[in-house]
Every structure is written in structure tokens, then in C-alpha cells.
Amino acid sequence: MIGLSLLLLQSGGFPGLAADRAPRVEIAWNRLYDYEEVYGLLDRLVETWPSLISRRTIGRSVENRELIVYTLNDASTGRAEDKPAMWIDGNVHGNEVQGAEAIVYTAWYLLENRETNERVRELLERSAFYLLPMVNPDGRARWFRDAHSPHSSRTGAMPWDSDRDGAFDEDPPNDLDGDGNIVQMRKLLPGEGTHRLSADDPRVMERVPSNDLGIRGDWVYLGSEGIDDDGDGRTNEDGVGGYDMNRAWPSMWMPGHVQYGAGPYPLYWPETRAIARFIYKHPNIAAVQSFHNAGGMILRGPGAEGFGNYPGRDVRVYDELGKEGEKMLPFYRYMVIWKDLYTVFGGFVTWTYEGLGIISFTNELWTNDRLSPDERVSRSSADRMWFDDNMMQGSGFVDWHPYDHPLYGEIEIGGFKKDVGRVPPSFLIEEMLHRNAMFSLRHARSMPRVSIGEPELTDLGGGVTAVDLVFENLELIPTRSARAADEKIGSPDLFTLEGESIEVLAGGFRRDRFRTERIDLAEHEPGRLTSEDGIDGRGLVRIRWFVRGRGEATVGFSGEKVRDVTRRISIR
Amino acid sequence: MWYLLLLGLLPQDDAARELELRDHDALRMEIARIADTHAVASTVSLGISREGRVIQGLVLDGAELAAKPAILLVANLEGPDVFDSAVALDHARALAEGYGSDEAVTKLLDTTRVYVIPRANPDAAEARFLTPREERTTGGRGIDNDRDGRSGEDGPADVDGDGLVSWMRVPDPEGKWMEDPTDPRASVEAKIVAGERGEFRLEVEGFDRDGDEEVAEDPERDTIVNANFASGWEEHGEHAGLFPSDEPEARALMEFVLGHDDIALVLCYGAPDNLNEKPKSVADDAPSKMRVPPEGVLQSDADVLAELAERYEETTENSASREADDAGTFQRWCYDHRGLLTLSTVLWEMPEEWKEEDPPPEEEGEADADEDETEEAVEEEEEEEPENDLEPSLDAKRLTWIDGSEESWRFVDWRPFDHPDLGSVEIGGFAPFALREPPTDEMALLADVHLAFLQELGGLLARVTVAECTAEELGGGLWRVTVTVANNALLPFQTRAARRSRTVRPARMVLDAGDGAVVAGPAQVLIEDLHGEREETTWLVRTGDPDAITVTVETTHAGIASASAEVKR
């Protein structure tokens, strides 16, 4: 037994089956990590598996924090650039933090299992991963460090004059009572209020219905904790930043008056520009996943109605992955952004699809539906309190307590803390990470992979041979998406035949399995055929070449998002 | 132009001078010389072009004021508009020289800052000065235009070695083109329905380097800088660039605008023209479609443009224009997204003339380059309709003008050439820059009239004033303070587009009650719109010293104004 344990320890890994192995790198998956810790965890993976994962700083944030892409690749089987790769990022909104942990988990899972799990080993042989855990490290660092609500620190940190008075970021929310939380304010105004305390739980505020029955509330809801710092009559209207880095991408980008937070031109923020540069320089990226929170969604474009529909050939790919995702991620729904959520101009995954032709998803991690696996705990505010009282021992809620406000006088401050609502309670974090990581692997496994079948030779007389070949894409995602083909994105796929003693007289794509004469002949360079459409997911391309001469030849396929393949054939 | 003479803006020796078309290095030297020689001028660097050329401008700024509006003049956004850069630079020189000696120039620069960016696109412009000479509109990255998996392998070239990249007539029975019967040097598209047949293809001078039977179809550079801005950007367009702002020149200009919120007006030399060509307009309240606002100039702003267009025509007598797409242009970004009043004008176009035997133009004034002759032609031809309706093509009319001028360099006569890829062809046609650059002796006058227009604009910019500031005694130490802020200029404080885009900072008015206390009224007032109206604000102040009450109105782009209360007891 001791020998076996040692062997397992050396060969590495926590396999996902829990009983008998310890992972080589122990990471607590029941908590979230701040900015430095996230890179620290990934750096431990780099130290442990230096031949499989490497780091590269691709740029810096407004506050000079590093943007580090971790490349996961089995270099013994080829360079990452030569393989189809999956891009995964998270935390573009500073408060939507758990995407970073999902990325660390994905890397950790793949590395821990590579030695012992054949499927994982094979996936790392034929594909690579580019992992950027935090698109917006400033927003994350501030969310962890400073007093915040679940919804604040979404922006980056570039000063922005949100109220257009010439002063920048001068009226943020204020942690009035200094307890490290930005929660809510309310004031008792008997008979003059808009709200009352819920009969089910007095900590919950209810809006009083507005009608002629004479019901009046005793409480006024005063919004987020804060004061009117700049004395302009408004509270908390110009905090840090004030923009949205998921509205900054070039496809269907719209300016700020159409799309809040877009900035003055696409890729204006240094974080977005650095990322775009990296992605443009890596045309081998064949799958994209972006992690946000919350709501339990698997989202795809279009982001705006004006786009129209995505081409049917690509929608079929999206639908298959999206529906698989719904099964893998309980309580998550597969949705179209503009139709099922809201309009987004200039979103990231709409750019990677519409601009770059890559099948791309945004997952909104975590939904409160998951607090209880059945309906006995409802989504009502009272049941949220019940959950916090009984499952969290009250740790998530700041009880209402009095405060002397400079403007409003005697008020009360209280409400849920920043890590309630958009992130899971600690005991449910690991499940969220694992399920989303597995969805990414499912997506990654669908990246195109091409094989070249056995040649069929037909002697046409006069020294001329017809060479028929079948190029097959074994996976779900086409070598070139319909979008890429329609918009001529990137390079077309290349199908080649060459041999020293072989002269390629003609060649082309066959349009019919049985009628060999139905063929789209190339007009020039018949040994080097280009195709805008590439090879469909789980599809075939048949090529017939007419060659003169005998001897060895090489047939090849080359595409930006596919590993190049060649096959030696012999023509006699 | 008569009044320019009255104003003394056109000294005779000056109008006779030649404008120098400068390559990048010479342009930089002239910029430096102007800045070194005149204290009123200083240089500014916007950035570095794709090929490493610094994009420079001049700032002309007289009296130091806390805030004054600025005009941004941008020229040579399109590579071949090298002449426009000479005009812009000439403005900078004239303003710098005139400051302190010329009253109008002094007044302009004391109240208005002028930024002159003579050459926004130095890389493409430089092709004007290289051998072979080429009208290059594109720069930046290259794409695989012919989708053969290779990029930039087959671009235009000087095939016959005459130092010019011009045109080729390639004999081809499937070609669309034939000789213009009125002037065989001009090429016209054959009208198949009229029984005509094409004789040749008209191609830009080049080879078929990749052997795909296409000539010069995959140039090394593909992006047009002035299609690389964010408004109306044509994603996946051949010339639009990878993403808006990918071209360093485009980004540099945008950053310059973003960094200078004193800019009240943008004036561009080049297409698309909106002074001689009326731009498409839409109602101020035209609804968005699928959340996207309608394209076009908002009607209130179109009215302002129309007024300025009238003044432009009066001052410059220039009516040149050139067809151009406005998708992704700097001009459109400035207006649509930044809300800046943006004017753009084409400085020159080649005149069209009619031979005496030619049929008349259909409308009077169509060929307006030489009015006298045109009118004559109209009169002559009113008498009888010619039997063969042989209207000369546009190019034929241009050739007539060339023939009548001393500008023979503008057309290279077709001559046979044995092309290595295409066999027998003819090479010739309009020389590079023939259609872009006026005759040398017209250059200075064009510069002068446009400088006059620039100066005129300076007097029209919005400026805030405090029209009224009174303190009225209510008794018991209480004073009612009433302040009216106004803009009396022709141009609005904010365009309608700026109110939509919310990119121009409102005027900010602050009351200082001295030792007194404001009892009622806002700590600050943000005023969005001052055009054609006055903004009145009232405060209640408790004070023993009402004379100490002052109000200040501060803006980014319309100056600053303040006043003490006029006390009414």
C-alpha cells in the first residue's frame, strides 16, 4: 500500500474521485482569493508543472497591476501556437470575482489529472489553453480591499467624471460606520414613508402599495450607504471609475450615450487593448469562454437586435454546447444576450464571435436558486434571511443599527454584505467551479481536429492518376465558422498536394459523393486549394486531384484554428 | 473676396507666393522653424505613425487667459491631400507672423486658441515624394484581399519605369471599358444596351505577381486611416482596419481631441465635404431604431452648418467637392460621438471644360471652373440638338481643361508597353496627384481665402457672459440674487449632438456669497445649453455685505466669465 501511494503521489493527482489520492497542490476551494492570491495559486501550478504551464505578462491595468496570461500546453507535443487553443477569462467586472477561481480550478484540474486520466492527457496533447484569470485586477483588488456592496467595483479604476462637473470620482459611496461594508440606509418617518417592515421578518423592507386605501409606510429607503461628498444635491453619483470594460470591444460597439460605459472608442481601456492585441496575435484561438456573475446563464450573442441572427451553421454548434451546458450546470439557462437578458453593444464574447469568428460563451456564475436544491426554500427575501440565519449563522447580514447621518439625521444602516448574492456561500463554491470547468473542457474538446483518409487512386491513362482524398473534421466546431467564412476573417484553409516527381495538373473540391465529374476545379495552383468554408463540424471535404507522374507525395491540410496535418501517399 | 482686400488680408506680394509641398522631413523643419521664430507658436506631438513618423502640429495661442475656446484644424487625413497640408501650414505661418502686427490676427489669437495639425497621415502622404510617385490612400496593415492565403503579394507598381504609378489599358473583349469617342484618351464604360462593346480593362499600373490573372489586387497596405474611427466604422471592410483606433494615426488624433476639451470647433481640409455638400440630416428627435440612433446631422446642427456653408462660400468662393464615404471618418467621430461642431471642405477639384464642338452641359453651372466659357457654351448649344448625343465623359472634360492650361504633366499619354504578365497593354492616364493639386499659381490664393474663413470662425464661437447679476434687498439682511448667463455668439454653446452624447462638459456656475450664507439655491449650477437662450438662476443670500457677492461661470470651451452683484436696495 505504501508503495502504491508513493507511486500515485509521484504520478500525480487528484482525479476527481475523492477517496484515495491527495492532489499535488492543495488549494482550498471553499473560499475566494484576492488579486495577489490568485496569481500566487497559479504560480504554484507553474512551479509544480513547469513544462505544462507558463506565465506571460501581456499588459498592465490602469493602476499598474499585471495582466498575466497562463498558457497551458503539453509542449512535448507541439507549440501552443500550432494547436487549437481555448481562451478563458474572468472578472472583467471587478465585483464578479469567482471567474478567476473557476480559471485556477480549470488549470489545476487539468494538471492534476494529466498523468492519470487518458482524456485529460489527450486534450492537453492536441490543444492549448490561454487563461487570463482577471481582466480587471484593479476592480477585483478594490472589491476585496475596500468597503463594497455586491454590485460596486464593477468598473476599472481610470478616473471618470460621471456627473460631468469637472471633478473626478469625488462622490463615492461611503462606509459611514466604518465596518468594512457598504450596505443600505433607511429612516423612520412614521406615517410619511414609502416602505414598511415585512411581517415575515422585520429586517426585510417592503414597498407600501400606492393606492387610495390610506396605507402609509413608516420607513423611507435612502439607498446605498453614503453622503453627498461634493454637495451637488446627489449622493454617491461619482465614485471610482464609472465605466464598463465589457462594452469596449470592437464589434457593434456603440458610444457612451447609446451604451453606458463604452468609453470614447473601442479598446480604450489599457486592459481591453492588451487583451485584444494578444487575441488578434493568436489566430489559433478556436474557443472562448468568459466568466461573469451572477444569475446562472450560459450566454451567447448577438448582443443587440440590430445584428440579426447568427448563421444557422454556427447556431447548431452553439445550441449543442449550450444544451450540454444546461445539463452540466443545474439552474443555468442557455440564453441569447439581447433577447433573453438585455442589449449589450461591444461585448467581449460578441466580439470574439462576430469579429473573430470564434464560438464564444459568457457564463454568469452562481444563482441563488442553488441555495437549496429544491423549492422548499423559496427566493423570497424572508427565505433569504432564513438561509442566512440557519445555514450561515447570520454571517452574511449586517443587522440594522442606528447612525447619525449629516444630512438625514437619525437613520439605520444594514443589509447583506458584498459576498452575499452574487457569489456562493463558501460550502457551494467548489461545485460551481468544477461544473463550470467541466463545461469549458466540453467546449475545448469540441475544437476542430482534422484527419486525412486513405487515398483512392484511379488510373485515367496517359500517365494521369486521379487522387481522391477525404479530409474529415472529427469534432463539433468547424475549422472555419460560418461567420468567419461569411466575413472572410483570418486565412482560408489550405489543402495541398505536392511531390517531387508529381505534377498536379488539376484539382478541386468534389460536390458529389458518387459523381466524380461534379467538381469545382481550381483556376490556378491546383496543388494548393483554398477554402473559405473549411470543414464543417463532424463533416467531410472530398478533393480530387489529377496528377501526372509516379512516386511519393505529401497531402496536407492547414487551418488557423486546427493542428496542421499531413499524410504521405504513394502514387503508382 | 473683395472685402479681404479691404481688410488688408491679401497683400499683393503675398498672394503671388508659391506654396511649398513638403515631404515629412521638410514639413517638420518648417513646423520647428515657425515655433522657433514666433513666441505665439509652439509645437505639439500627437504620436508616431505606423511607419515611425512623428505626427506634429502647431499651437497658436496669444494672450494667456484662464480659459478660451479653441479651433482644431486638421489636414491631410487622406494620404494624397498633400496640398491641403501646405495650406494648413501656411495658415500657421501667417497667423504666427501676423500676431502682434496684424490687428485681426492678434485679436483672434488673444481670444481663440488654434491647433493646426497639417499632416494627420504622414505615411500615406510620403508616397507623394517617393519614386515611383504614387497616390496612396492606404496605410497600416495589409490583409489577404484575394483570399489566397497570402497577404500583400500583388500590389500596384511602376511597370514601365517612368517614375509614376498610373493606369493600364489591358485589351480584353470582356473588359468593360472603351475609348471615349469624343476624346480617345479618356476611358468610358461601354453601354452594352446601346450596342457598344468593351475593348479593355482599366487597371491600376501593376503586375500579376501571384499569377491569379488579377492585377495589383492584393496590396501590401490596406487600411485607410480616415476609415478607422469609431463612428460608422465598417467592420470587416477591406479598408476599415482591424478595429477602430488600430491605426496609430487615428488613435493619436482621437487622443488629441480627448485631451483638449477647449476645442469648440473642428475644421478639416479634405473629404467628406460638408460645406459644399449638404450632409444628410435628421430631425432632432428622430427615434432610435433597435436602440441605435439614426445616422446624420441633427437638424438644429444642420441649420448651423447651412449658415456656416453660406459664409464659407461668400468668403472663399470655393465650390470644390469630391465623392467620399463618411463611414469611420474622423469628421464623423468628432460630431457623432464627441458632439463637436465639425466642418470639412475639399479645397480644390480639377475643373471640367467643354470643347467648342461638344454638346452643352445639361445644367448651367455644372462645370463651374470657368464660368465665362461655360455660359458661352450654353448659349451656343441652345440653338440646335446635335444628331449624335456624344456627351464627353467627365475625364474628357478634364482633359479639355488640361489641354487649355499649362498643366500637361497631369495626363500621361497612353503608350504601348509589352507587359511581362499581360502582353501588349497601354500605360498612361491621369498622373498621380493630377486631380488633387491645383496649379501652382492658384495655391496661395486658396490658402488666403481659407485663412480668412478660419479667422471668421474665431469670431463666431460660443463664449459665456454674465448678462445680469443683481442683489435685491428683501429686508432683514436677506438678498435675492439673480444671475443670467448668456451666449451671444452665432454658434451654440453645445451642439445638439453634444447634448445627445453628453461629452461636452456643461458650464458650471458657482455663487460666492462672501461672508454671507446661501439660504436657498444650488451650490453649483450645471448649464447644458445656452444657445439662443439665457439661463436665469436665483439664490437667497443672508449677508451684511451684498457688494461682496460674485458669480463665476466656468466652461471648458467657451471661456470663463464672472461678475459682482449689482446691489439694488
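Residues numbered from 1 in each chain as written. Chains lettered and ligands numbered in written order. Predicted model: local features only at pLDDT ≥ 70, side-chain atom pairs only at ≥ 80, totals over all residues.

Q: Summarise the overall build of chain B; cite the residues concerned and give the values.
A: Secondary structure assignment for chain B yields 13 helices and 23 strands. Overall size of chain B, expressed as C-alpha extent along the three principal axes, is 100 × 60 × 55 Å. Here chain B holds 569 residues, and 48% of them are scored as buried. For chain B, the proportion of contacts with a sequence separation of at least 24, taken over those separated by at least 6, is 72%. (Helix = DSSP H or I, 4+ residues; strand = E, 2+ residues; numbered from the N terminus. Buried ≥ 20, exposed ≤ 12 C-beta atoms within 10 Å, placed from the backbone. Contact = placed C-beta atoms within 7 Å.)

Q: How would you summarise the sheet that holds strand β22 (residues 560-564) of chain B if you had to cite specific residues and measurements?
A: All names here are of chain B. Ordered by their spatial adjacency, four strands build an open sheet running β19-β17-β21-β22, and the pairing between neighbours is antiparallel. Since the sheet does not close on itself, it has two edges, and those belong to β19 (524-527) and β22, each with one partner. The average undirected angle you get between the axes of adjacent strands in this sheet is 15°. The pairing of strand β17 (residues 507-512) with strand β21 (residues 550-554) spans five bridges and is antiparallel. By the bridge assignment for β21, Arg-508 is matched with Glu-554. (Pairing = 2+ DSSP bridges. Axes fitted to C-alpha atoms, helices over the stretch in contact; angles between N-to-C directions.)

Q: Mind laying out the domain arrangement of chain B, listing which residues take part and the relevant values?
A: All names here are of chain B. Examined at the domain level, chain B breaks down into domain 1 (2-128 + 223-349 + 439-458), domain 2 (146-220 + 405-434), domain 3 (358-391) and domain 4 (464-568). The partner domain 4 presents 18 residues to the 19 residues of domain 1 that form the contact. Elements that contribute at least two residues to the side of domain 1 that touches domain 4 include exactly β9 (263-269), α8 (299-316) and α9 (330-337). Grouping the constituent residues of the side of domain 1 that touches domain 4 by class yields nine nonpolar, three polar and seven charged. (Domains from an automatic or database assignment. Nonpolar A, V, L, I, M, F, W, Y, C, P; charged D, E, K, R; others polar.)

Q: Let's hear about the pairing of strand β4 (residues 113-117) of chain B: which residues, and what values?
A: Residues and elements named next belong to chain B. Of all five residues in β4, five are buried; the element is thus mostly enclosed. Residues of β4 alternate between two faces, with Arg-113, Tyr-115 and Ile-117 on one and Val-114 and Val-116 on the opposite face, all of them buried. As judged from the three bridges shared by strand β2 (residues 54-60) and β4, these two strands associate in the antiparallel manner. When the bridges of β4 are listed, Leu-60 appears paired with Val-114. In terms of strand pairing, strand β3 (residues 70-75) meets β4 through five bridges, oriented parallel. The residue bridging Ile-71 from the neighbouring strand is Val-114, located in β4.

Q: Which residues make up unusual backbone geometry, and what are the values?
A: The amide bond that connects Thr-131 of chain B to the next residue, Pro-132 of chain B, takes the cis arrangement and shows omega of 0°. Here Pro-132 of chain B lies in the loop between α6 (122-126) and β5 (167-171). Pro-272 of chain B follows Ala-271 of chain B through a cis peptide bond whose omega is -5°. Here Pro-272 of chain B is to be found in the loop between β9 and β10 (281-282). At Arg-538 of chain A, a residue that is not glycine, the phi angle is positive and equals roughly 50°. Owing to 14 C-beta atoms within 10 Å, Arg-538 of chain A belongs among the partly exposed residues under this scheme.

Q: Now, about the nonpolar core: what can you tell me, with residues and values included?
A: Across soluble globular proteins, nonpolar side chains show a tendency to be buried alongside one another. Counting 222 residues, the largest nonpolar core has Ala-107 of chain A together with Leu-73 and Val-74 of chain B as the members making the most contacts within it. Non-local contacts of Leu-73 of chain B, meaning those with residues more than four positions away in its chain, are made with Ala-88, His-91, Val-114, Tyr-115, Val-116, Ile-117, Leu-267 and Leu-454 of chain B. In this structure, Ile-502, Val-504, Leu-529 and Ala-553 of chain A belong to the second largest nonpolar core, which totals 19 residues. (Core = buried A, V, L, I, M, F, W, Y, C linked by C-beta atoms within 7 Å.)

Q: So, the packing of helix α3 (residues 24-37) of chain B against helix α4 (residues 82-98) of chain B: which residues are in play, and what are the values?
A: Packed helix pairs are specified by the crossing angle of their axes together with the interaxial distance, meaning the distance between the axes. Residues and elements named next belong to chain B. For the pair α3 and α4, interaxial distance at closest approach is 10 Å and the crossing angle is 15°. With respect to α4, the axis of α3 lies roughly parallel. Judged by the sense of rotation from one axis to the other, the crossing of α3 with α4 is left-handed. On the side of α3, the interface is formed by Leu-27, Glu-30 and Ile-34, while α4 contributes Ser-85, Leu-89, Ala-92, Arg-93 and Ala-96. Looking at the contact of α3 with α4, its residues break down into five nonpolar, one polar and two charged. (Parallel < 35°, antiparallel > 145°, perpendicular 65-115°, else oblique. Left-handed = near helix turned anticlockwise from the far one by under 90°.)

Q: Got a sec to walk through the sheet that holds strand β9 (residues 285-293) of chain A? Specific residues and values, please.
A: Residue and element names in this part refer to chain A. Spatially, β1-β2-β4-β3-β9-β12-β10-β11 is the arrangement adopted by the eight strands of the open sheet, whose pairing is mixed. The sheet is open, and its two edges are formed by β1 (53-60) and β11 (333-336), each paired on a single side. Geometrically, the sheet is characterised by an average inter-axis angle of 20° between neighbouring strands, direction not taken into account. When strand β10 (residues 297-300) meets β11, the two strands line up parallel, connected through four bridges. Residue pairing for β11: Leu-299 is matched across the bridge by Met-335. The strands touched by helix α2 (residues 35-48) are β1 and β2 (66-72); relative to β1, the strand with the most contacts, the crossing angle is about 145°.

Q: Pulling in residues and values, what's your account of α9 of chain B?
A: At 3.6 residues per turn, the α-helix brings residues three or four places apart onto the same side. Residue and element names in this part refer to chain B. The buried fraction of α9 is high, at eight of eight residues. Taken together, the buried positions of α9 are occupied by Phe-330, Gln-331, Arg-332, Trp-333, Cys-334, Tyr-335, Asp-336 and His-337. Those residues of α9 that are buried are in contact with β3, α7 (248-259), β9, β11 (297-298), β12 (341-345) and α13 (496-501).

Q: So, the domain arrangement of chain A: which residues are in play, and what are the values?
A: It is common to give the size of an interface as the accessible area lost on bringing the parts into contact. Here the domain parsing of chain A yields domain 1 (2-143 + 243-366 + 425-445), domain 2 (162-239 + 374-416) and domain 3 (450-571). Each of domain 2 of chain A and domain 3 of chain A has a C-alpha centre, and the two are 66 Å apart.

Q: I'd like a description of the interface of chain B and chain A, backed by residues and values.
A: Contact residues are listed per partner, giving 30 residues for chain B and 32 residues for chain A. Only α7, α13 and β19 of chain B provide two or more residues apiece to the side of chain B that touches chain A.

Q: Outline the environment of Lys-107 of chain B, supporting the account with residue identities and numerical values.
A: Summarising the element assignment, Lys-107 of chain B is placed in helix α5 (residues 103-111). For Lys-107 of chain B and Gln-299 of chain B, which are 192 residues apart along the polypeptide, the C-alpha to C-alpha distance reads 32 Å.

Q: So, the pairing of strand β13 (residues 411-419) of chain B: which residues are in play, and what are the values?
A: All names here are of chain B. In this structure, β13 lies alongside strand β14 (residues 423-430), joined through seven bridges in antiparallel fashion. Bridge assignment links Val-412 to a residue of β14, and that residue is Gly-429. The turn linking β13 back onto β14 is made up of three residues.

Q: Outline the packing of α2 of chain A against helix α3 (residues 98-113) of chain A, listing residues and values.
A: Residues and elements named next belong to chain A. α3 packs onto α2 with a crossing angle of 10° between their chain directions and a minimal axis gap of 10 Å. Between α2 and α3, the angle falls in the class roughly parallel. Of α3, the residues touching α2 (which contributes Val-38, Leu-41, Leu-42 and Leu-45) are Ala-100, Val-104, Ala-107, Trp-108 and Leu-111. In terms of residue class, the contact of α2 with α3 is made up of nine nonpolar, no polar and no charged.

Q: Give me the confidence of the model for chain A: which residues, what numbers.
A: Looking at chain A as a whole, its pLDDT mean stands at 95, while 97% of the residues score no less than 70. When the criterion is pLDDT under 50, residues 1-12 of chain A qualifies, and its contacts beyond four places in sequence or with other chains add up to seven contacts. (pLDDT = per-residue confidence, 0-100.)

Q: Quick rundown of the environment of Tyr-39 of chain A? Include the residues and the values.
A: All names here are of chain A. Positionally, Tyr-39 belongs in helix α2. On the neighbour-count criterion, Tyr-39 (21 C-beta atoms within 10 Å) is buried. Through-space distance from the C-alpha of Tyr-39 to that of Glu-487 is 37 Å; in sequence the pair is 448 residues apart.

Q: Pulling in residues and values, what's your account of helix α4 (residues 118-126) of chain A?
A: Residue and element names in this part refer to chain A. When we look at burial in α4, the residues that qualify are Val-120, Leu-123 and Leu-124. The buried residues of α4 occupy an angular sector of 95° when the element is viewed end-on, so they sit on one face. Turned more than 90 degrees away from the buried face of α4 sit Glu-118 and Arg-119, all of them exposed. Summarising the contacts, the buried residues of α4 are in contact with α3 and α11 (429-445). (Arc of directions from axis to C-beta.)

Q: So, the confidence of the model for chain B: which residues are in play, and what are the values?
A: All names here are of chain B. This prediction gives chain B a mean pLDDT of 92; 91% of its residues lie at or above 70. Below a pLDDT of 50 lies the segment residues 1-8, which in the model reaches nine contacts outside its immediate sequence neighbourhood of four places, other chains included. As a predicted assembly, this complex carries a pTM of 0.94 together with an ipTM value of 0.95.

Q: Lay out the environment of Ala-252 of chain B with the relevant residues and their values.
A: All names here are of chain B. Relative to the assigned elements, Ala-252 resides in helix α7. Sequence spacing of Ala-252 and Asp-512 is 260 residues, and the spatial spacing of their C-alpha atoms is 40 Å. Once residues within four sequence positions are removed from consideration, Ala-252 is found in contact with Leu-46, Gly-47 and Ile-55.

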